[in-house]
Amino acid sequence: MTTVNGELADFLRRARSKVDPATAGLPHDGRIRRVPGLRREEVALLAGVSTDYYTRLEQGRRITPSDSVLDAIARALGLDETGRAHLGHLVGAPAGSARRHKPTVQRVRPGLHQLLDTLVGHPALILGRRTDVLASNRLARALFADFNAMRPTERNYARWMFLSDQARALFVDWEEHARACVENLRLDLGTYPADELALGLIAELTEQSPEFRAWWEEHGVFQRTFGTKRLRHPVVGELAVQYETFTMPGDRDQALFLYTTEAGTSSREAMGLLASWVLAETGRPQPSAPDSEG
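Here the structure is a predicted model, which is why all the values come from computation and not from measurement.

## Examining the overall build of the chain
Then comes step 1: Each helix and strand in the chain was counted, giving 13 helices and five strands.
Then comes step 2: Burial status across the chain gives 47% buried among its 294 residues.
Then comes step 3: For the chain, contacts bridging at least 24 residues in sequence account for 57% of all contacts bridging at least 6.
Then comes step 4: Total accessible area computed for the chain in this model is approximately 15,100 Å², and 51% of it derives from carbon and sulfur atoms.

Here you go:
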């Protein structure tokens with residue numbers, strides 16, 4: 001696994017390799033480009049800093065750029081808001097942050113479990129760091145997977161997405177949503193570079209999934225807060241669900257994912273059928289909390 005400085009260097013090199021010099025407004029200088037994207041001196045020119053300064057930054061030297069310099073570099077590299085935040089996390093990682101530490105246990109407040117249990121008509125998940133599934137209501141477990149039945153170490157959305165045949169069969173656009181998991185994990189690692197559990201998860205997925213391994217090396221970061229998932233469900237057939245993401249007050253490392261369907265569509269009918277099937281199977285809504293918190 002790369003160090004914090006190595007992560008910064010890889011991220012910057014990948015970012016500048018994706019920038020088209022012509023699109024960036026640079027004149028053709030007649031030199032043959034042996035590699036795609038911008039050269040270091042061109043990034044420095046566009047950002048208004050010296051080539052030596054940018055080179056030392058890309059090499060992971062101990063320098064602390066100002067916010068204005070980071071903004072300029074982000075603009076030169078064409079980074080979006082999430083990419084700019086990730087760059088700030090990598091540059092701002094304090095000395096010694098690469099040391100391993102024992103991660104703290106993530107827990108969901110009782111009130112949030114109660115909230116999930118009341119959403120009998122809408123699937124809902126609460127994800128924590130590294131896409132750990134901290135809580136889910138019964139309809140979400142019927143729609144996606146029974147995370148409560150998994151061992152605590154396996155209750156992870158990204159792990160399920162890449163290592164489960166069920167997930168690959170369920171998502172019509174599996175590649176799109178699997179890539180989103182990679183980009184969220186990359187963003188999470190930039191914020192918490194010494195998280196042992198995240199490093200272990202990434203190592204496991206890198207070893208077992210060629211897709212994860214290839215996409216992880218792309219160093220993409222993006223945080224999707226809403227969108228649509230098209231599913232091919234084994235019980236109710238095809239449906240499209242829209243999701244919205246809500247950061248939990250008091251704990252920004254937890255997010256509620258709420259799934260809905262459009263009124264008057266076959267997807268709404270399918271969701272209603274699934275909810276009825278859940279009630280028929282269980283007799284009553286089951287709690288969002290798993291039997292063991294782990």
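## Here's the deal with the sheet that holds strand β5 (residues 251–260)
Then comes step 1: Pairing is antiparallel in the open sheet, where five strands are placed in the order β2-β1-β5-β4-β3. Since the sheet does not close on itself, it has two edges, and those belong to β2 (133–136) and β3 (226–233), each with one partner. Averaged over all neighbouring strand pairs, the angle between strand axes comes to 25°, with direction disregarded.
Then comes step 2: As paired elements, strand β1 (residues 124–127) and β5 share four bridges and run antiparallel to each other. The residue bridging Leu-125 from the neighbouring strand is Phe-257, located in β5.

## A look at the layout of surface pockets
Then comes step 1: Reported here for the largest pocket is a volume of approximately 960 Å³.
Then comes step 2: Every residue lining the largest pocket is counted, 36 residues in all, and those nearest its centre are Asn-184, Leu-187, Gln-223, Ala-255 and Phe-257.
Then comes step 3: Looking at which element gives the most residues to the lining of the largest pocket, the answer is helix α10 (residues 174–191), with eight residues.
Then comes step 4: When grouped by side-chain class, the residues that make up the lining of the largest pocket number 15 nonpolar, 12 polar and nine charged.

## Concerning the side chain of Arg-129
Then comes step 1: For Arg-129, the location among the structural elements is in the loop between β1 and β2.
Then comes step 2: According to the relative accessible area criterion, Arg-129 is buried, its value standing at 9%.
Then comes step 3: Here Arg-129 is in contact with Gln-106, Asp-188, Tyr-192, Asp-195 and Asp-253, once residues within four sequence places are set aside.

## Observations concerning the confidence of the model for the chain
Then comes step 1: On average, residues of the chain score 86 in pLDDT, and 88% of them reach the 70 mark or higher.
Then comes step 2: Overall, residues 94–101 carries pLDDT values under 50, and its contacts beyond four positions in sequence, including any with other chains, amount to 13 contacts.

## Regarding the nonpolar core
Then comes step 1: Ranked by size, the top nonpolar core spans 46 residues in total, and within it Leu-125, Phe-144, Tyr-157, Trp-160 and Phe-162 carry the most contacts.
Then comes step 2: If one sorts the elements of this core by residue count, α10 sits on top with six residues.
Then comes step 3: Setting aside chain neighbours within four positions, we find Leu-125 in contact with Val-133, Ala-135, Ser-136, Ala-140, Phe-144, Phe-147, Tyr-157, Ala-255, Leu-256, Phe-257 and Tyr-259.

## Observations regarding the packing of aromatic side chains
Then comes step 1: Enumeration over the complete set of coordinates arrives at 13 aromatic pairs.
Then comes step 2: Centroid distance Phe-144 to Phe-171: 6.3 Å. Interplanar angle 15°. Geometry classified as stacked. Placement of the pair is Phe-144 in the loop between α7 (138–143) and α8 (157–163) and Phe-171 in the loop between α9 (165–170) and α10, with a sequence separation of 27 residues. The two residues Phe-144 and Phe-171 agree in class, both being buried.
Then comes step 3: Between Trp-174 and Trp-215, the ring centres sit 6.0 Å apart and the planes meet at 40°, which makes this aromatic pair tilted. Here Trp-174, found in helix α10, pairs with Trp-215, found in helix α12 (residues 210–216); they are 41 residues apart in sequence, far enough to count as distant.
Then comes step 4: With relative accessibility at 10%, the residue Trp-215 sits in the buried group.
Then comes step 5: The structure contains a cluster of three or more aromatic residues connected by ring pairs, namely Phe-144, Phe-147, Tyr-157, Trp-160, Phe-171, Tyr-243, Phe-257 and Tyr-259.

Parameters at a glance
- Residues numbered from 1 in each chain as written.
- Predicted model: local features only at pLDDT ≥ 70, side-chain atom pairs only at ≥ 80, totals over all residues.
- Heavy atoms only, no water.
- Helix = DSSP H or I, 4+ residues; strand = E, 2+ residues; numbered from the N terminus.
- Buried < 20%, exposed > 50% of the residue type's maximum accessible area, 1.4 Å probe, protein only.
- Contact = heavy atoms within 4.5 Å.
- Areas by Shrake-Rupley, 256 points an atom, 1.4 Å probe, with all protein chains shown as cover.
- Pairing = 2+ DSSP bridges.
- Axes fitted to C-alpha atoms, helices over the stretch in contact; angles between N-to-C directions.
- 1 Å grid on protein atoms, 1.4 Å probe; cavity = no way out; pocket = protein on both sides within 12 Å on 5 of 7 lines; lining within 4 Å.
- Points joined across faces, edges and corners; volume = space filled by probe spheres on them.
- Nonpolar A, V, L, I, M, F, W, Y, C, P; charged D, E, K, R; others polar.
- pLDDT = per-residue confidence, 0-100.
- Core = buried A, V, L, I, M, F, W, Y, C linked by side-chain atoms within 4.5 Å.
- Phe/Tyr/Trp six-rings, centres within 6.5 Å; stacked < 30°, edge-to-face > 60°.

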